[in-house]
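Residue-level structural notes
Listed here are the chains, written in short residue letters.
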Amino acid sequence: MRSRVCALLIGTALLAAACAATETTAPTSAPASESGTAESAGGQTADRAEDAPDDSPAATAQPDAPGTTTAPDTDAVVLDPRDTGKLRNFLGYTFPPAPEVPTGPLQRTVLNDLNMIWSGLQRGGIDGDAVAQLGRTGDPRLAWIVADLLRFVPPGELTEGAVSAFQSLTGVRLFDDPVARRSPWQSVTDHLLAWDLPVFDGYPEYKQRLFTLIEPGWQPFFDDTDSDIDWRIVSWGGVLIDNRELGDPRPCPRGCIPALDNPGVTDAEDGSWYPDDGIVFAVVLGGEARAYPRHIMEIHEMINDTLGGQRIGMPYCTLCGSAQAYLTAEVPDGVATPVLRTSGLLSRSNKVMYDLVTKSVFNTFTGRAISGPLRERGVVLPQTTVVTTTWGEWKAAHPDTTIIASDGGIGRSYPFNPLGGRDDNGPIFPVGDVDERLSVQDQVFGVVLDDGTPVAFGVEAARAELEAGGTVELAGVTLQLDGGGVRAVDADGNPIEGHQSFWFAWSQFMADTLLWEP
């Protein structure tokens, strides 16, 4: 495992240093990977779970591995009632005021320092003092560079230098934040996101030089200099790009989260292999119903399928608890049907998906193309509703439904709990401040109205109200039960597309969302 993971990281000396640690120990400076793998800053993974297939991206899920959310010293902060209205993270830590930020270009001496560090990255020759030197520049905008370095450097002197630089640049005592005790990188980035701290001109170029050392396949994402990508909030998810051709059933040769294309399906009777209490993400399109078992979605995180005579792309962000279904053939004339893939990058803990055909990046939560040729054509993929429920309830309500075959149609096996409780203790990637109207991982069903207004409903409370015969309505949106899950309609009974997600994800991508209260 150790040599394989090192090979994935392009062989740079800096990243290879992370692989020199023991396989069973992940440092506290890095979170688990997007796929559920407990890893070091350089990508090292903990020992693989015995019941997971060798090529599974989630095969190494270890909920109790060092560096994950179960660290015993990560305690929630006791809130002071006088702190209402302040920005806080999911553990109750109150972010201090943002530092004052200068304007204009970086000083030449600072540019020299940065260029020296980036040259060292290519040679594997930087040290903690070089990184700590950034803290003596007095320019807090460099904290974004510090955060990027922290994501990749191995624990030890380099991490200490980066933490020192961040504290000097911002005046923050980082380890007052309980998140920092498990991941300094996550805490540093949370601060920057909460402050919405500006960057200096040229920042994306430095990020490009670092990230393409890890994965050259990300280069097209940086090539569109007019893109709408906010590179501040983009981080590495711990895996590499899925750039396999459509229909390729093989695992990624260098390690990625492999999409499942054109999966095999069975009818409900032959779907008895899946337990009735198993969670499914269900879609009805063109009069045809299909259930996508959660444990299969946790392995692939992306499906390209045909349902009701229409092509759909279905990303599942395990970190956000969000499955969505996009109508991928509904694009302008002359545009090829996108083939959705997982990039290996994250944006505020949400997977960054892209189109294999044009290398265009999408906002996964909204379906809007934000880079590349599809951005230039103004492509926004329409969605259809995804109902989250149990298999037993769904097939009872939709007896003609199909379900993904137990082997996905590609002859592989899937563990029923590949993530092993990875997300049980809150977000494991940076999300910044949180909306405290609900708990971060409460499930909500969200829709966006024609005028752009987002509306969200707490699922548990809404279902209880509907099952008791009540009405759940807000801003002209009414929820209805469907096979144990919920979907939305307008005042005339017309469907409104929506899906479930964790509250932290919905609220950070849908600012100022209206929230139904029971």
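What this report covers is the structure whose coordinates are included nearby. What you see is a predicted model; the values in this text were computed from it and never measured.

What follows is about the sheet that holds strand β22 (residues 498-502). If you walk across this open sheet you meet the 4 strands as β22-β16-β17-β23, and the pairing is mixed. A strand with exactly one partner marks an edge of an open sheet, and here the two such strands are β22 and β23 (514-515). Relative to the sheet, helix α13 (residues 459-467) contacts β16 (443-448), β17 (454-458) and β22, its axis offset from that of β17 by approximately 70°.

Ordered by their spatial adjacency, 4 strands build an open sheet running β1-β10-β11-β12, and the pairing between neighbours is antiparallel. Sheet topology places β1 (234-236) and β12 (361-362) at the edges, where each strand pairs with a single neighbour. The pairing of strand β10 (residues 340-347) with strand β11 (residues 350-355) spans 5 bridges and is classified as antiparallel. Bridged to R341 within β11 is Y354. Relative to β1, helix α8 (residues 203-214) is tilted by about 30°, and along the sheet it contacts β1 and β10.

Further remarks concern the nonpolar core. The tendency in soluble globular proteins is for nonpolar side chains to be buried side by side. Membership of the largest hydrophobic core comes to 84 residues, with the highest contact counts inside it found for L114, W118, L142, I145, F166, L192 and W218. When residues of this core are assigned to their parent elements, the largest contribution, 8 residues, is made by helix α5 (residues 143-152). Once residues within four sequence positions are removed from consideration, L192 is found in contact with A143, W144, A147, F166 and L197. Counting 19 residues, the second largest nonpolar core, distinct from the first, contains F281, I303, L307 and I312.

Turning to unusual backbone geometry, a few remarks are in order. One non-glycine residue, D196, lies in positive phi territory at about 55°. Mapped onto the elements, D196 comes out in the loop between α7 (184-195) and α8. Since its relative accessible area comes to 48%, D196 is described here as partly exposed. Its identity is not glycine, yet N262 carries a phi of approximately 50°, on the positive side.

Turning our attention to the pairing of strand β4 (residues 279-285). Buried residues dominate β4, accounting for 5 of its 7 residues. By the bridge criterion, 4 bridges tie β4 to strand β14 (residues 387-390) in an arrangement that is antiparallel. Directly across from I279, in β14, lies its bridge partner T390. In the sheet, β4 pairs with strand β5 (residues 288-293) via 6 bridges, with the strands oriented antiparallel. In the sheet register, L285 faces β5, and the bridge partner there is E288. Turn length for the β4-β5 hairpin, with the two strands adjacent in sequence and antiparallel, is 2 residues, and the turn residue G286 shows positive phi of about 60°.

Reading the values: rules and limits
Residues numbered from 1 in each chain as written. Predicted model: local features only at pLDDT ≥ 70, side-chain atom pairs only at ≥ 80, totals over all residues. Heavy atoms only, no water. Pairing = 2+ DSSP bridges. Helix = DSSP H or I, 4+ residues; strand = E, 2+ residues; numbered from the N terminus. Contact = heavy atoms within 4.5 Å. Axes fitted to C-alpha atoms, helices over the stretch in contact; angles between N-to-C directions. Core = buried A, V, L, I, M, F, W, Y, C linked by side-chain atoms within 4.5 Å. Buried < 20%, exposed > 50% of the residue type's maximum accessible area, 1.4 Å probe, protein only.

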